[in-house]
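# Report on the structure
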Amino acid sequence: MSKRLDVKKTYKLYIGGAFPRSESGRYYSLTGKSGFTANICLASRKDFRNAVVAARKAQSGWAARSAYNRGQILYRIAEIMEGRRDQLIAELKLEGATDKQASKEVDAAIDRAVYFAGWSDKYQQVFGTVNPVASSHFNFSVPEPTGVVTILLPDSASLLGLLQFVLPAIVGGNTVVVLTAESRPLAPLTLGEILHSSDVPGGVINILSGYRSELISNFSTHMDVNAVMYGGNDEEAITLIQKNAAENVKHVVLRKDDDWFDEERNEHPYVIMELQEIKTTWHPVGI
Amino acid sequence: MLKETDIQKKNRLDFSTGWSYDPAPESRDHITIKEQYGHFINGKFTKPIEGNYFPTISPSTEEEISQIAVGSAADVDAAVKSARKAYSKTWSKMSGRDRGRYLFRIARMIQERAREFAVIESMDGGKPIRESRDVDIPLAAAHFFYYAGWADKLEYAFPGRKPKPIGVAGQIIPWNFPLLMAAWKLAPALATGNTVVLKPAETTSLTCLKLAEIIQEADLPPGVVNFVTGAGDTGAAIVNHEDIDKIAFTGSTAVGKIIQKAIAGTGKKLTLELGGKAPNIIFEDAAVDQAVEGIINGIFFNQGHVCCAGSRLFVQESIADEVRDKLIDRIATLRVGDPLDKNTDVGAINSKEQLDTINRYLEIGLNEGADIFQSSCELPEKGYWCCPTLVANVSQSHRIVQEEVFGPVLTIQTFRTPEEVLEKANNTPYGLSGGVWTDKGSKIFNMTSGIKAGVLWANTFNKFDPTSPFGGYKESGLGREGGLHGLTPYLNI
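Residues numbered from 1 in each chain as written. Chains lettered and ligands numbered in written order. Predicted model: local features only at pLDDT ≥ 70, side-chain atom pairs only at ≥ 80, totals over all residues. Heavy atoms only, no water.

## Observations regarding the overall build of chain B
Along the backbone of chain B there are 14 helices and 20 strands. Its C-alpha radius of gyration of 23 Å places chain B within 12% of the 23 Å reference for a compact globule of 493 residues. Its C-alpha atoms give chain B principal-axis dimensions of roughly 70 × 50 × 35 Å. Here chain B holds 493 residues, and 62% of them are scored as buried. Summarising the internal contacts of chain B: among those between residues at least 6 apart in sequence, 75% fall at separations of at least 24. Carbon and sulfur atoms form 50% of the exposed surface of chain B, whose accessible area is close to 18,200 Å². The centroid of the 54 positive side-chain charges in chain B is displaced by 8 Å from the centroid of its 60 negative side-chain charges. (Helix = DSSP H or I, 4+ residues; strand = E, 2+ residues; numbered from the N terminus. Rg over C-alpha atoms; globule rule 2.2 N^0.38 Å. Buried < 20%, exposed > 50% of the residue type's maximum accessible area, 1.4 Å probe, protein only. Contact = heavy atoms within 4.5 Å. Areas by Shrake-Rupley, 256 points an atom, 1.4 Å probe, with all protein chains shown as cover. Lys, Arg positive; Asp, Glu negative; His and termini not counted. Charge placed at Lys NZ, Arg CZ, Asp CG, Glu CD.)

So, in structure tokens, the structure goes:
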């Protein structure tokens, strides 16, 4: 019997719940140990702008979901990842990981999703306050999502790294546009398919592949973006992002280390709070 | 500009008879103000290195009150050195309990000298004595008292963390609430173990310099708090100083953006408390008379020199005429004049420059086709004044609706549905505060959760408290001041 020719996968962008190729028609070739691995979409500025539009459109609805519902959806991400374990491991290996490294990363990624799923209806209780004002008013403060967040992943981030940026953002009701690391886009782009089948509404997480040098300015200057997250140590890039962020007073969240496995560093609610605003409401007490 | 006679007279009240006020000026006898003030560096008043001074003017009389030092880069450097030394040698090593004790002392001493501070605040800044006496000074003392208690309890504010101070904080504050803004900045910074170089606004340095006297009398270790006076150049020297770890700024969005850009790549931490253009929304089911009082307080409090002022009124269409008439009646009763008079509701505009800005916006409004109505108030001959002003016949795209005027100017728009007003309310780059007036609880929460702003007042407006976090969304700023959340910007967590 002749050997069956396998069906190769086409990796595409994930924007607004759909899987388009780059509107620019551009691509770059990903090569691994055994040569050519896949053609990867080279996202353009226009793709990015489309992604921000999708993220903005989805944001208020996502934030309005009940905290319980957001938790269930994050848990669902973990469930579907578990089912796609072998595929994710295979892709991490194509990106250069050993068998052991790849399965460790997928395990940790699944656990990370479960971890942040559990925060969905709790960080508000830890960080919200009822304030004992001196006048006769009832006064309380609650965290609310800052809005649309762009994420520039560091070279070290694939599946687990991406989730460490994305999960704290979305569990708090933000929507995101992520740019994958140039050499490690495979598992992140497959994650788009996982999200798509995990009840994550379209537009909540948008994943672009492309060149960081090409999109860094757009990610940090777009006037309808509320926060920009950057992973890495390039001081020039950090300065550029912080300068650009001033145009509409964006939050800038930097992540300089890249130990995505360290639970103490990664698993805490303060990473959620970096992308939250505090809203305080007053009402008189009386008749 | 429309005069009173142009306005429909139906149901108008008549105030022309039977109303008179005797002057009730607060005494200035017990106030001592030196002829000249240097900076406050390393626990001492020091002469400016370059030897330059500028006058501080009373905006209600245009009289010079005192001479204030111009802070040069060299002065700022001396202040930062003193703050750094105090940080590493004393303040960061002191127990939280002792830091708290100093802050409690300062709180008490402000209370003891409250009347003196209130009078100086009104002389130097132009705000009515009623406000400086009942709001600014008591709240400043309360702020120190609140944060004093946090100093030895910080680990309870951040579960699972051992918070540490950042280092030397550079703080730049505005002229609208001079002492209160100094308290907002100093109290949390000191409670968390940081030392400070603070610059008061150039038109209102005096109460800050009087606070320096209290800091001396409270025996605060030298260098923990340093004041350098001056204008924008002095502020820039603070922002750009290499040995400052954190910048906290309250002021305009334009300057906030310049600062955010200037410190890019330096690793300095940043809190920004910037401009606003707050919506104040009144529904047909609101208690209208209370709402009118709230609208008046929301925009004319402190001459409208309030970043969270309710400067955009949205009235539901069915009650628009009623509310407009009541507002016109009410502003006719507002007493504009001598800030030191206890009957004064609206004081002087803080500076000639700010008055020009306000008048420029009124002109822009007129040119864009707005109807502008001002109360026919009698104004003193000298000083900088602006009568309470209503601006109608405007829409979202008018500049006077979009941009911060920072004066006693209220724009009036109407709406039909909650969805419509929410869209209009959020349609600015700002997101500092907002107000909602309705008797229906579910509508309140629908609105307050929908408005993208840091502080929401429902059936009230312009309330402040040390325990209550304050700060904006979007281009209104980064971070919060006040309350537990106000500790975060001064700690490494």
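## A word on the domain arrangement of chain B
All names here are of chain B. Assigned domains within chain B: domain 1 (36–274 + 473–492) and domain 2 (276–458). Each of domain 1 and domain 2 has a C-alpha centre, and the two are 30 Å apart. With 30 residues of domain 1 in contact, the opposing surface of domain 2 contributes 34 residues. Interface area, domain 1 with domain 2, both sides summed: about 2,700 Å², of which 56% is carbon and sulfur. (Domains from an automatic or database assignment. Buried area = accessible area lost by both parts, 1.4 Å probe.)

## What about the nonpolar core?
Ranked by size, the top nonpolar core spans 178 residues in total, and within it Met81(A), Leu159(A), Leu186(B), Leu211(B), Phe227(B), Ile282(B) and Leu327(B) carry the most contacts. If you tally residues by element for this core, the top one is helix α5 (residues 178–191) of chain B, at 11 residues. When residues of this core are sorted by domain, at least three fall in each of domain 1 (36–274 + 473–492) and domain 2 (276–458) of chain B. Once residues within four sequence positions are removed from consideration, Leu211(B) is found in contact with Ile106(B), Ile110(B), Phe117(B), Leu179(B), Leu186(B) and Phe227(B). If you look at the next biggest cluster of nonpolar residues, it comprises 23 residues, including Phe48(A), Ala54(A), Phe219(A) and Ala237(A). (Core = buried A, V, L, I, M, F, W, Y, C linked by side-chain atoms within 4.5 Å.)

## Points about the interface of chain B and chain A
At the interface, 43 residues of chain B touch 38 residues of chain A. Where chain B abuts chain A, roughly 3,100 Å² becomes buried across the two surfaces, and 56% of that area is made up of carbon and sulfur atoms. Of all residues in chain B, Gln260(B), Tyr473(B) and His485(B) give up the largest surface area on contact with chain A, accounting jointly for 17% of the area buried on that side. The interface formed by chain B and chain A includes one salt bridge. In this structure, Arg480(B) engages Glu277(A) in a salt bridge whose closest nitrogen and oxygen atoms are separated by 3.0 Å. Inspection of the chain B/chain A interface yields 20 residue pairs in polar contact (both at pLDDT 80 or more). Of all the secondary structure elements, the ones that give two or more residues to the side of chain B that touches chain A are α8 (253–262), α14 (441–450), β18 (455–458) and β19 (477–478) of chain B. (Salt bridge = Lys/Arg side-chain N within 4 Å of Asp/Glu carboxyl O. Polar contact = N/O pair within 3.5 Å; in protein donor to acceptor, adjacent residues only side chain to side chain.)

## Structural notes on the pattern of salt bridges
Residue and element names in this part refer to chain B. What the rule picks out here adds up to 44 salt bridges over all chains. Its salt-bridge partner being Lys424, residue Glu420 comes within 2.9 Å of it at the nearest N-O pair. Note that Glu420 and Lys424 are positioned in helix α13 (residues 418–426) at a spacing of four residues, about one turn of the helix. Judged by its relative accessible area of 28%, Glu420 falls in the partly exposed class. Among the ionic contacts, a cluster of salt bridges with common partners joins Arg113, Glu116, Lys210, Glu213 and Glu217.

## Brief notes about the environment of Glu236(A)
Residues and elements named next belong to chain A. Among the secondary structure elements, Glu236 is positioned in helix α9 (residues 235–245). When its relative accessible area of 69% is taken as the criterion, Glu236 is described as exposed. With 173 residues separating them along the chain, Glu236 and Ala63 place their C-alpha atoms 34 Å apart.

## Quick look at the confidence of the model for chain B
Residues and elements named next belong to chain B. When pLDDT is averaged along chain B, the result is 95; 96% of the residues meet or exceed 70. Segment residues 2–6 is flagged for pLDDT under 50; beyond a separation of four residues in sequence, or across chains, it makes 10 contacts in the model. On the interface metric, ipTM, the complex scores 0.95, and its pTM is 0.95. (pLDDT = per-residue confidence, 0-100.)

## Section: the state of the cysteines
Linking two cysteines covalently through their sulfur atoms gives a disulfide. Residue and element names in this part refer to chain B. Going through the model one piece at a time under the given rule, you end up with one disulfide over all chains. One disulfide bridge connects Cys377 with Cys387, the sulfur atoms lying 2.1 Å from each other. With the S-S dihedral at roughly -100°, the linkage between Cys377 and Cys387 falls on the left-handed side. You can see Cys377 sitting in the loop between β14 (371–374) and β15 (389–392) and its partner Cys387 sitting in the loop between β14 and β15, a full 10 residues away along the chain. Pair check on accessibility: Cys377 and Cys387 agree, each one buried. Cysteine Cys386 shares no disulfide, and the gap to the nearest cysteine sulfur, in Cys387, comes to 6.7 Å. (Disulfide = S-S within 2.5 Å.)

## What about the packing of aromatic side chains?
Taken as a whole and judged by the stated rule, the model has 21 aromatic pairs over all chains. An angle of 45° between the planes, with centres 5.4 Å apart, marks the rings of Tyr28(A) and Tyr211(A) as tilted. Linking Tyr28(A) in strand β1 (residues 27–32) with Tyr211(A) in the loop between β7 (205–208) and α8 (212–221), this pair joins segments that are 183 residues apart in sequence. Since its relative accessible area comes to 28%, Tyr211(A) is described here as partly exposed. Put simply, the rings of Trp184(B), Trp457(B), Phe461(B), Phe464(B) and Phe470(B) touch in pairs and so form one group of aromatic residues. When the ring centre of Phe261(A) is taken as reference, the NZ or CZ atom of Lys104(A) above it lies at 4.2 Å. (Phe/Tyr/Trp six-rings, centres within 6.5 Å; stacked < 30°, edge-to-face > 60°. Lys NZ or Arg CZ within 6 Å of the ring centre and 35° of its normal.)

## Quick word on α13(B)
Residues and elements named next belong to chain B. Taken together, the buried positions of α13 are Val421, Leu422, Lys424 and Ala425. The buried residues of α13 occupy an angular sector of 165° when projected down its axis, which confines them to one face. Along α13, the residues that are exposed and aim more than 90 degrees away from the buried face are Glu419 and Glu423. Contacts from the buried residues of α13 go to β12 (279–282), β13 (312–316), β16 (409–415) and α14. (Arc of directions from axis to C-beta.)

## A few points about a nonpolar patch on the surface
Residue and element names in this part refer to chain A. Together, Val130, Phe138 and Val285 make up a nonpolar patch on the protein surface, roughly 290 Å² of accessible area in all. Counting through the fold element by element, Val285 comes out in the segment after β10 (276–284). Under the relative-accessibility criterion, Val285 is labelled exposed at 53%. (Patch = residues over 30% accessible without salt bridge, like charges linked within 9 Å, V, L, I, M, F, W, Y side chains within 5 Å.)

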